[in-house]
Amino acid sequence: MRIVERQQALDGSARLLLELVDGARVEAVDLRPGRGRRTICVSSQAGCVLDCKFCATAALPFQRNLSVLEILDQARLAQASGEDLAPPVSNIVFMGMGEPFYNYESVIAAAGFFARSGEFALGERHVCISTAGVLPALERYFAEAQAFHLAISLCSAIDDLRSQLMPINLRYPLQEIGRLLHLQSRFAQKRLMLEIPLLAGVNDGPDDAKALLQFCAPMRLRINLIPWNPNPMSSQFAAPDRESCLRFQAQLRAAGHWVFIRRSLGAEVAGACGQLAGGSLSR
């Protein structure tokens, strides 16, 4: 694996375009959220098998799953390519290119290395795996009592709308995911997070928040709201304004959930959530 391109944003975050030995390309992002923290976002697949309408990676053809070593080397290269005074890596997130739970065994093995090896030794709570909701893999994850942070990318709790935005919902329906999460509520309350990419005028209204509250009840969860990051592959969407995000957040918080609006990092170098496209957006 080699670094083809490294672009650094003004906030200190950096997007790395990496070429694998067979010529496939993936991206990793070195994120600097502040307060001495440093998060490496790694990819699990070259391309993606999903077709999420708001994500740039969805426009790429799927090539293959990444091996354990290819996942680990992304973090190693990202860590080594930082400036001399960069803080140590504090978190690893599987939120790059691909669907981690379609590469389950390699992702879990790599997550275990990040959590427990002497090289990183971050602990399970500092490793987060994000999935669009691959039901058989979710069932296996819970059956194995994995202790990593788990994030479910939901986008919408309205069934028809989620099917339009995330076609995986046609294969693994929202109600089945909800049923599983409710069965695992004791675990979920400790380490489960929902991610909601917010699209202006699409899924950011009061009815959308109400549907999300119905999906979550009676669980109390951490919910990350992610204002959509522009990319030319999904130009039909727009980012919601700050006021819309705050209203959505307030409606959820009033029901007792921990709700945060994620700050976009690395967007100016196409390294933010939903922008990873094999380097094509930086040209």
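Keep in mind it's a predicted model, so treat the numbers as computed, not measured.

**Q** How do you make sense of helix α2 (residues 104-116) when you look at a structure like this?
**A** Three or four residues apart is the spacing at which side chains of an α-helix point the same way, because the helix has 3.6 residues per turn. The end-to-end C-alpha distance of α2 is 18 Å, a good match for the 18 Å that 13 residues give at a rise of 1.5 Å each. All of the buried residues along α2 are Tyr104, Ser106, Val107, Ile108, Ala110, Ala111, Gly112, Phe114 and Ala115. Its buried side turned inward, α2 meets α1 (68-80), β7 (91-94), β8 (127-131) and α3 (135-143).

**Q** Explanation requested: the pattern of salt bridges in the structure shown.
**A** Working definition: two side chains of opposite charge can pair if their charged atoms are close together. The full count for this structure, using the stated rule, is 16 salt bridges. One salt bridge connects Glu27 with Arg15, and the closest N-O pair in it is separated by 2.5 Å. With a gap of 12 residues between them, Glu27 in strand β3 (residues 25-34) and Arg15 in strand β2 (residues 14-19) connect regions that are remote in the sequence. Across the pair Glu105 and Arg140 runs a salt bridge whose closest N-O atoms are separated by 3.5 Å. Linking Glu105 in helix α2 with Arg140 in helix α3, this pair joins segments that are 35 residues apart in sequence.

**Q** Would you explain the environment of Cys273 in this entry?
**A** Within the secondary structure, Cys273 is located in the segment after β12 (258-261). The class of Cys273 is partly exposed, set by a relative accessible area of 37%. Along the chain, Cys273 and Val29 lie 244 residues apart, while their C-alpha atoms are 9.9 Å from each other.

**Q** How do you make sense of empty space enclosed by the protein when you look at a structure like this?
**A** In this approach, a probe sized like a water molecule rolls over the atoms, and the result shows the empty space that is left. Applying the stated criterion to the full structure yields 1 cavity of 30 Å³ or more. Approximately 50 Å³ is the volume found for the largest cavity. If you go around the largest cavity, the residues you meet are Cys155, Ser156, Ala157, Ile196, Asn203, Asp208, Leu212 and Phe248. Partitioning the lining of the largest cavity into residue classes produces 5 nonpolar, 2 polar and 1 charged.

**Q** Quick question: what am I supposed to make of α3 here?
**A** Of all the residues in α3, the buried ones are Leu135, Ala137, Leu138, Tyr141 and Phe142. Taken end-on, α3 shows its buried residues confined to a sector of 160°, consistent with a single buried face. Positive backbone phi, approximately 55°, marks Ala145, located one or two places after α3.

**Q** Could you clarify how one ought to interpret the pairing of strand β1 (residues 2-8) in this entry?
**A** Strand residues, when the strand is regular, have side chains that alternate between the two faces of the sheet. Here β1 runs beside β2; their pairing, made up of 6 bridges, is antiparallel. In the sheet register, Arg6 faces β2, and the bridge partner there is Leu16.

**Q** Before we go on, may I ask you to explain the nonpolar core in this structure?
**A** Within soluble globular proteins, side chains that are nonpolar generally end up buried alongside one another. The biggest cluster of nonpolar side chains holds 88 residues, and the ones touching the most others in it are Phe94, Phe114, Leu212 and Ile223. Residue contributions to this core peak at 7 residues, all from α2. If we skip the residues at most four places from it in the chain, Phe114 touches Ile71, Leu72, Ala75, Ile92, Phe94, Phe120, Ala121, Leu122 and Val127.

**Q** Would you explain the packing of α2 against α3 in this entry?
**A** Packed helix pairs are specified by the crossing angle of their axes together with the interaxial distance, meaning the distance between the axes. Their axes nearest at 12 Å, the elements α2 and α3 cross at an angle of 35°. When you trace α2 past α3, the crossing you get is right-handed. Contacts between α2 and α3 involve Tyr104, Glu105 and Ile108 on the former and, on the latter, Ala137, Arg140 and Tyr141.

**Q** It is not clear to me how unusual backbone geometry should be interpreted in this structure. Could you clarify?
**A** Leaving glycine aside, a negative phi is the common case for residues, and trans is the common case for peptide bonds. Look at the link from Ala217 to Pro218: it is a cis peptide, with omega at 5°. Its location among the elements puts Pro218 in the loop between α8 (206-216) and β11 (222-227). Even without glycine at this site, Ala121 takes up a positive phi of about 50°. Along the chain, Ala121 turns up in the loop between α2 and β8.

**Q** I'm lost on the side chain of Glu70 in this one. Help?
**A** Its location among the elements puts Glu70 in helix α1. In terms of polar contacts, Glu70 uses its side chain to reach the backbone amide nitrogen of Ser67, at 2.9 Å. The residues contacting Glu70, other than those within four sequence positions of it, are Met1, Leu20, Arg64 and Asn65.

**Q** What should I look at first to understand the state of the cysteines in this one?
**A** What we call a disulfide is simply a covalent bond connecting the sulfur atoms of a pair of cysteines. Applying the stated rule across the entire model yields 0 disulfides. Cys52 provides the cysteine sulfur closest to Cys48, a residue in no disulfide bond, and the two sulfurs are 6.5 Å apart. Left unpaired, Cys245 is separated from the closest cysteine sulfur, that of Cys155, by 13 Å.

What counts, and where the lines are drawn
Residues numbered from 1 in each chain as written. Predicted model: local features only at pLDDT ≥ 70, side-chain atom pairs only at ≥ 80, totals over all residues. Heavy atoms only, no water. Helix = DSSP H or I, 4+ residues; strand = E, 2+ residues; numbered from the N terminus. Expected span 1.5 Å × (residues − 1). Buried < 20%, exposed > 50% of the residue type's maximum accessible area, 1.4 Å probe, protein only. Contact = heavy atoms within 4.5 Å. Salt bridge = Lys/Arg side-chain N within 4 Å of Asp/Glu carboxyl O. 1 Å grid on protein atoms, 1.4 Å probe; cavity = no way out; pocket = protein on both sides within 12 Å on 5 of 7 lines; lining within 4 Å. Points joined across faces, edges and corners; volume = space filled by probe spheres on them. Nonpolar A, V, L, I, M, F, W, Y, C, P; charged D, E, K, R; others polar. Arc of directions from axis to C-beta. Pairing = 2+ DSSP bridges. Core = buried A, V, L, I, M, F, W, Y, C linked by side-chain atoms within 4.5 Å. Axes fitted to C-alpha atoms, helices over the stretch in contact; angles between N-to-C directions. Left-handed = near helix turned anticlockwise from the far one by under 90°. Polar contact = N/O pair within 3.5 Å; in protein donor to acceptor, adjacent residues only side chain to side chain. Disulfide = S-S within 2.5 Å.

Nothing here speaks to function; it is geometry throughout.
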